[in-house]
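# Observations on the model geometry
The residues making up each chain are set out below.
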Amino acid sequence: MLFEDLSLTVSEGDRVGVIGPNGSGKTVLLEILAGNEQPDAGARALRKQTRLAYVPQQTAFDRDDTVVSVLAAALNGLPLEDKERAGRIEEMLGRAGFETPGAAAHSLSGGWKKRLAIAAALATGPDVLLLDEPTNHLDLDGILWLERAIGLANACIVVSHDRYFLENVANRMVEVNARYPQQTFQVKGNYSEFLERREEFLEAQTKQQEALATKVRREVEWLRRGPKARTGKSRARVDSAGRLIEELSAVTARSRTATARIDFAASDRQTKRLIEAEGIAKSLGGRTLFRDLHVTISPGVRIGLVGPNGSGKTTLLKILEGKLEPDGGSIRRADGLKIVSFAQDRAEHLDPEVTLRRTLSPDSDSVIYRDRPIHVAGWAKQFLFREEQMDTPVGRFSGGERARLIIARLILQTADVLLLDEPTNDLDIPTLEVLEDSLLDFPGAVVLVTHDRYLLDRVSTVVIGLGGGQGGMFADYSQWEGWRSEQSAPKAVPKQRQVSPVQTAKRKLSYLEQREWDAMESNILAAEEAVAAWQHQIQENSSDAKRLHEAYESLQLAQVRVENLYARWAELEAKLSGSIE
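All of these numbers come straight from a predicted model, not from anything done at the bench.

## Brief notes about the overall build of the protein chain
Each helix and strand in the protein chain was counted, giving 17 helices and 19 strands. Expressed as a percentage of the 581 residues in the protein chain, the buried residues total 47%. Across the protein chain, contacts joining residues at least 24 apart in sequence account for 71% of those joining residues at least 6 apart. As displayed, the protein chain has an accessible area near 29,600 Å², and 48% of this comes from carbon and sulfur atoms.

## What to know about the nonpolar core
Soluble globular proteins tend to bury their nonpolar side chains together. By size, the foremost hydrophobic cluster in this structure holds 41 residues, and its most contacted members are Ile262, Trp379, Phe383 and Leu418. Ranked by the residues each element gives to this core, the list is headed by helix H12 (residues 399-410), at six residues. By size, the runner-up hydrophobic cluster in this structure holds 37 residues, among which are Val67, Met92, Leu108 and Val169.

## Structural notes on empty space enclosed by the protein
Tallied over the entire structure, the rule returns three cavities of 30 Å³ or more. Taken as a whole, the largest cavity spans an internal volume of roughly 80 Å³. In this structure, the largest cavity is lined by Glu133, Thr135, Asn136, His161, Asp162, Thr424, Asn425, Asp426, Leu427, Leu432, His451 and Asp452. Class assignment of the residues belonging to the lining of the largest cavity gives a composition of two nonpolar, six polar and four charged. In this model, the second largest cavity occupies a volume close to 60 Å³. In this structure, the second largest cavity is lined by Leu138, Asp139, Leu140, Leu305, Val306, Gly307, Lys313, Glu422, Val449, Thr450 and His451. When grouped by side-chain class, the residues that make up the lining of the second largest cavity number five nonpolar, three polar and three charged.

## Notes on the sheet that holds strand E11 (residues 328-333)
On the basis of which strands lie adjacent, the open sheet formed by three strands has the order E9-E8-E11 and antiparallel pairing. Lying at the two open borders of the sheet, with one neighbouring strand each, are strand E9 (287-297) and E11. Taking the axes of each pair of neighbouring strands and ignoring which way they run, one obtains an average angle of 25° across the sheet. In this sheet, E11 lies alongside strand E8 (residues 275-284) in antiparallel orientation, the contact comprising five bridges. When the bridges of E11 are listed, Ile275 appears paired with Arg333.

## Looking at the packing of aromatic side chains
Under the definition given, this model contains 13 aromatic pairs. Judged by centre distance (5.0 Å) and plane angle (40°), the rings of Phe185 and Phe201 are tilted. Of this pair, Phe185 sits in strand E6 (residues 184-188) while Phe201 sits in helix H7 (residues 191-224), and the two are 16 residues apart along the sequence. We classify Phe201 as partly exposed; its relative accessible area is 24%. We note Arg115 situated over the ring of Trp112; from NZ or CZ to the ring centre the distance is 4.2 Å. Lying across the ring of Phe385, Arg404 places its NZ or CZ 5.1 Å from the centre.

## A closer look at the sheet that holds strand E1 (residues 15-19)
What the six strands build is an open sheet, ordered E2-E3-E4-E1-E5-E6; its pairing is mixed. What marks the edges here is a single partner per strand, and that holds for strand E2 (52-55) and E6. Across the sheet, the mean angle separating the axes of adjacent strands is 15° when strand polarity is ignored. Where E1 and strand E4 (residues 155-159) come together, four bridges link them in parallel fashion. Its bridge partner lying in E4, Gly17 is registered against Val158.

## Section: unusual backbone geometry
Here Arg370, not a glycine, exhibits a phi torsion of approximately 50°, which is positive. Classification of Arg370 as partly exposed rests on a relative accessible area of 45%.

What counts and what doesn't
Residues numbered from 1 in each chain as written. Predicted model: local features only at pLDDT ≥ 70, side-chain atom pairs only at ≥ 80, totals over all residues. Heavy atoms only, no water. Helix = DSSP H or I, 4+ residues; strand = E, 2+ residues; numbered from the N terminus. Buried < 20%, exposed > 50% of the residue type's maximum accessible area, 1.4 Å probe, protein only. Contact = heavy atoms within 4.5 Å. Areas by Shrake-Rupley, 256 points an atom, 1.4 Å probe, with all protein chains shown as cover. Core = buried A, V, L, I, M, F, W, Y, C linked by side-chain atoms within 4.5 Å. 1 Å grid on protein atoms, 1.4 Å probe; cavity = no way out; pocket = protein on both sides within 12 Å on 5 of 7 lines; lining within 4 Å. Points joined across faces, edges and corners; volume = space filled by probe spheres on them. Nonpolar A, V, L, I, M, F, W, Y, C, P; charged D, E, K, R; others polar. Pairing = 2+ DSSP bridges. Axes fitted to C-alpha atoms, helices over the stretch in contact; angles between N-to-C directions. Phe/Tyr/Trp six-rings, centres within 6.5 Å; stacked < 30°, edge-to-face > 60°. Lys NZ or Arg CZ within 6 Å of the ring centre and 35° of its normal.

Read these as spatial facts, not as claims about activity.
This is how it looks when you write it as structure tokens:
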């Protein structure tokens, strides 16, 4: 049973964000709301003439489909004049950024296929738009486009694990989870407001559980004394004790939560430079992806790779790993370097016909983790797999389950460098939080491609931005985004920023701000250590002009990172103390 007695009402203007653990039934809920699946009980009611548009997780087009034909097909059956139909198609081509309407839809990248599917749904002018994990495969530009475009629908229900997206878009939040008495917890507000209300609810539930436990202990002691259930009062108390025990059992069961245990194993290597890329360049199909790019990867460095789809992020990962050679420049890797990589395409990792048991351990019933054997079923359990799933072919698993399975295999390998290409796709929010903590604790180096802006902000010590045939280093995602905005903005006389003399104080940090605050001290310490390391590099390479220049540029970035962190710390501290009035 995925859920029961679940109720959800959607009104005009609602932007409903739906979250929940993998396997809680979020996709099934959307399928029921879309009319593609019937509920086992209950009813789905739709106001007359309500137009629904549904974009599922997986996007596929026929070989004969073009961008314009997909949009035209979406409008079939609508009472539109030819001129109005053509106008809608033209408008949506412009809004979605498609410059080649006749391009074959099946040959588009995953991100542009997703954008086309969403654009086709929006072209119909839906009253209710249903989106299942729409940010998967979209690059950062695509996510920003979706945040703007989603307002074209009168109402929207979106299943997503992208926390910044939910923060910016949702005005109602729904978590589907068996921990709640009504299977859902619903809050009017964005993601941060939802998390605050949920924390209050869970605290109240904990207090209820403690109070029930006290009552049950008292009643159990009374029952053990062997009361004679001859009188009506005695029988009523026995019945009441039974109900209390059942209620406590139900509350306790709901309170149990499981999260995957993710802990990457690092080697004890003390090498200062793991990978050095000097002036590398790469072109593909006659188009320059990047040129004259310098990257130095050392233990403790966590690089976030950002840029539009097709800008060369995955290509750069493959060059760093040694699977591709650069067209120019040079790559040096430390002797015996241990690289563990996570490819964006899950198919590269898993054989769909092989069972979970044999995927984790091909030749035995145990795995070796940090030089000690662990039974394969016990290892699988740490990643939230059940005993009855052990002999299930992995092709039957959901996207989130396959992602957890790949991580479960990667963690068995000792690594100096982790190269992760979109590891967050299909992961639920609790697993994302565990992954973030694991990457922060990993003493080796990390190079991470992700569209999850919160993950980038929390984990990365430096960001490399790619696009337009260029590549540059930035202190963080916000600095890269600001640089891009400056590059694309028309040159004009800069206006003074208008600041209101009176600002409303926030008495309490939002959930995302609180997590940022909790990690601030360690992030500043790591950033200051990076400054010290680059200062040392400058002293070491004082006679090598090229390396001196590279170290100086990296030192400047590290110093900017420290300054940004201290400024943000002061801002959060002011909110906490209520000094902003």
